Every structure is written in structure tokens, then in C-alpha cells.
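Summary of structural features
Here is what each chain is made of, one letter per residue.
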Amino acid sequence: MGEKTLKVIIGSWRPGIPSANVSEIALLPDPADLAKAASVIQQGSCLRNRVKGKLYVSSMTDYNFFVTAMLAGTSATLNDTDVDLSGSYMIESLGEPEYKQSDVIFFEITFVEVG
């Protein structure tokens, strides 16, 4: 992704959000007993941390930098000395750009740990 200083909107940075450890998987219902539960619970083995926040950039070129990195699935080291965060992360999701002024664009972003 290259080196990029993130411009974070104050109060929006939420590091260390663990992913769900359990998921429910739907199954085909039993035709003999339609009232029977038709799902199984599967427990995951790897909890990946997520970091969510709202960023701002000054141009669509800067926003497109994040879009390109997300689509390419590239990872980068994410450092935050305030909360002792350092690791390899990639962009999991990116919100739509919101124009606040012609040179201020807000968007939500979620990073997921990959290392």
C-alpha cells in the first residue's frame, strides 16, 4: 500500500475489535421433522483484529489510493503508538466518500489483521 499518513477524524478510531469467533451455518431442513433446528454452529480458530475509523482526504485521488489498495488486497503495516498497535493489516471495507467541502472528503474504513 505504500507509506501513507492517515488523517483520522477525532473520536472515530476504534482499534482492537476482534472478529466473531462463532458462526451459524444454515443446513437443508429435515423433511421428516421441519421443526428441528436446521443449522450448525461452527467455531473459528483464528480471531483477526479489526480497526475501524473515519478518515478524511483532500482529493478524490487520495481516496482512490485507498480504493486501489483495497481492490488489490495489499497489506501494510499499521502503527498507532497511542494504543500500542502495530501489525500487518489490509483494507476490508471502505465507505462511500462524503464531501464536506470541495477539499475535505470523509469516509469510513475498516482494516483487518492479516499477519
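Residues numbered from 1 in each chain as written. Predicted model: local features only at pLDDT ≥ 70, side-chain atom pairs only at ≥ 80, totals over all residues. Heavy atoms only, no water.

Comments concerning the packing of aromatic side chains
- Within the structure shown, the criterion is met by five aromatic pairs.
- Consider the rings of W13 and F111, whose centres lie 6.5 Å apart with planes at 65°: the pair is edge-to-face. Here F111 lies in strand β8 (residues 104-113) and W13 lies in the segment before β1 (14-18), a separation of 98 residues in the sequence. Note on accessibility: W13 and F111 belong to one class, buried. (Phe/Tyr/Trp six-rings, centres within 6.5 Å; stacked < 30°, edge-to-face > 60°. Helix = DSSP H or I, 4+ residues; strand = E, 2+ residues; numbered from the N terminus. Buried < 20%, exposed > 50% of the residue type's maximum accessible area, 1.4 Å probe, protein only.)

Overview of the pattern of salt bridges
- Tallied over the full model, the rule gives three salt bridges.
- Between R50 and E92 there is a salt bridge, with its nearest N and O atoms 2.8 Å apart. Of this pair, R50 sits in strand β4 (residues 49-57) while E92 sits in strand β6 (residues 85-94), and the two are 42 residues apart along the sequence. (Salt bridge = Lys/Arg side-chain N within 4 Å of Asp/Glu carboxyl O.)

Looking at the environment of L55
- Examined against the element boundaries, L55 turns out to sit in strand β4.
- L55 gets classed as buried once you look at its relative accessible area, which sits at 1%.
- Sequence separation of L55 and I10 is 45 residues, and the distance between their C-alpha atoms is 9.2 Å.
- Beyond its immediate sequence surroundings of up to four residues, L55 is in contact with L6, K7, V8, I9, W13, F66, I105, F106, F107 and I109. (Contact = heavy atoms within 4.5 Å.)

Overview of helix α1 (residues 60-72)
- Along its 13 residues, α1 runs 18 Å from first to last C-alpha, staying within 8% of the 18 Å computed at 1.5 Å per residue.
- What α1 keeps buried is the set Y63, F66 and A69. Down the axis of α1, the buried side of the element spans an arc of 120°, and every buried residue falls inside it. In α1, the exposed residues that point more than 90 degrees away from the buried face are T61, T68, L71 and A72. (Expected span 1.5 Å × (residues − 1). Arc of directions from axis to C-beta.)

Looking at the pairing of β8
- Examined bridge by bridge, β4 and β8 share eight bridges and lie antiparallel to one another. Bridged to L55 within β8 is F107.
- One ladder, built from five bridges, connects β6 with β8; its direction is antiparallel. Paired with Y89 across the bridge in β8 is E113.
- Here three bridges tie strand β7 (residues 98-101) to β8, and the two strands are oriented antiparallel to one another. Paired with Q101 across the two strands is V104, which belongs to β8. (Pairing = 2+ DSSP bridges.)

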